[in-house]
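Residues per chain, in single letters:
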Amino acid sequence: MYRTHSFEGSPLESAAMAYIEITKPRPHVSLVTLNRPERMNALSFETVQPLHDAILEVGADNDTWAVVLTGAGRGFCSGLDLEDHGIPPNIAGLPMSRIATRAMAVFADLVPAMRNIPQPVIGAINGPSYGGGLCLAVACDIRFAAASATFCGAGIKNGLTGTELGISWILPRMIGAAHAFELILTGREVNAREAERIGLVSRVVPDAQLLDAALDVADQICAHSPHGVAMTKRVLWSNLETGSLHAAMDLEARNQLLVRMTTNNLDEAIRARKEGRKPNYAD
């Protein structure tokens, strides 16, 4: 099934919404595509809000059990559109201080939105992932890179800080402080193989196989209980913020007990194994 994300509004709004596409290439899998290839899928105010809306839409879709995020054309996302990043929404009558705060929030809200939806988000990184694009990549739960993919924290190279959209919190936890500090402070480009070596991505595949590889992993996730997967994602992210092993284990135990006591999933898994079939989880 193919559908372009759209809504009622002005011609400018409708055009902006065309920059984000939601399709259902496989059962229970939603593919969200940044569709502005002529600008390497650069981010602007006219495209970031539709992307946020698309994330919330697939998150609320009960028939979506896994999400793949990718970019159209040669790049995943080149970060902020430096030529025309547009105007923040709903700023009439506001002073510059409040406009600036609102502008940053429009971008920054993407990352918690990706974290908060129940479905795992698989990033299919199909080319340059720079600045805000790198932030989108690290906000994904799983990342696959095309062989041509490159990564760069570009903010520092543009006279700004290298810290935005939560990357100063996520990246050190993902690849360690030594690698994260160097990449963010230098703004140097990292190719796909180095990204795999340092743990920025979990797998590198040939360019032509990237989307299928991401969709195959989405299929693997969809074979599990959607409720169990959602609860697992929540614990994985929450325990990045937990201060001790015991606190992490307490949260794990409560979630495991909650799923065990409120579903028949374990019983179904045992029956399916005995009967030599795939389990059918009703959650």
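All of these numbers come straight from a predicted model, not from anything done at the bench.

Rules of the game
Residues numbered from 1 in each chain as written. Predicted model: local features only at pLDDT ≥ 70, side-chain atom pairs only at ≥ 80, totals over all residues. Heavy atoms only, no water. Helix = DSSP H or I, 4+ residues; strand = E, 2+ residues; numbered from the N terminus. Buried < 20%, exposed > 50% of the residue type's maximum accessible area, 1.4 Å probe, protein only. Contact = heavy atoms within 4.5 Å. Expected span 1.5 Å × (residues − 1). Pairing = 2+ DSSP bridges. Axes fitted to C-alpha atoms, helices over the stretch in contact; angles between N-to-C directions. Salt bridge = Lys/Arg side-chain N within 4 Å of Asp/Glu carboxyl O.

Overview of the overall build of the protein chain
- When its secondary structure is counted, the protein chain shows 12 helices and 10 strands.
- Counting only C-alpha atoms, the protein chain reaches 60 × 45 × 40 Å along its principal axes.
- Going through the 283 residues of the protein chain one by one, you find that 47% of them count as buried.
- For the protein chain, contacts bridging at least 24 residues in sequence account for 67% of all contacts bridging at least 6.

A look at helix H9 (residues 210-222)
- Here H9 contains 13 residues, and its C-alpha end-to-end distance of 18 Å stays within 8% of the 18 Å for a straight helix at 1.5 Å per residue.
- Along H9, the positions that sit buried rather than exposed are Leu210, Ala213, Ala214, Leu215, Val217, Ala218, Ile221 and Cys222.

Focus on the sheet that holds strand E6 (residues 128-130)
- The mixed open sheet is built from 3 strands, whose spatial order is E6-E8-E9. Each having just a single partner strand, E6 and strand E9 (190-191) make up the two edges of the open sheet.
- As judged from the 2 bridges shared by strand E8 (residues 150-152) and E9, these two strands associate in the antiparallel manner. The residue bridging Thr150 from the neighbouring strand is Asn191, located in E9.
- Lying on the sheet, helix H5 (residues 132-139) is in contact with E6 and E8; it crosses E6 at an angle near 100°.

Here's the deal with the pattern of salt bridges
- Counting across every chain of the model gives 18 salt bridges.
- Where Arg197 meets Glu194, a salt bridge forms, and the shortest distance between an N and an O atom there is 3.7 Å. Of this pair, Arg197 and Glu194 both sit in helix H8 (residues 192-198), 3 residues apart, which is roughly one turn of the helix.
- For Arg277, the salt bridge is made with Glu268, and the minimal N-O distance between the two is 2.7 Å.
- Via salt bridges that share partners, Arg26, Asp212, Asp216 and Asp219 belong to a single interconnected network.

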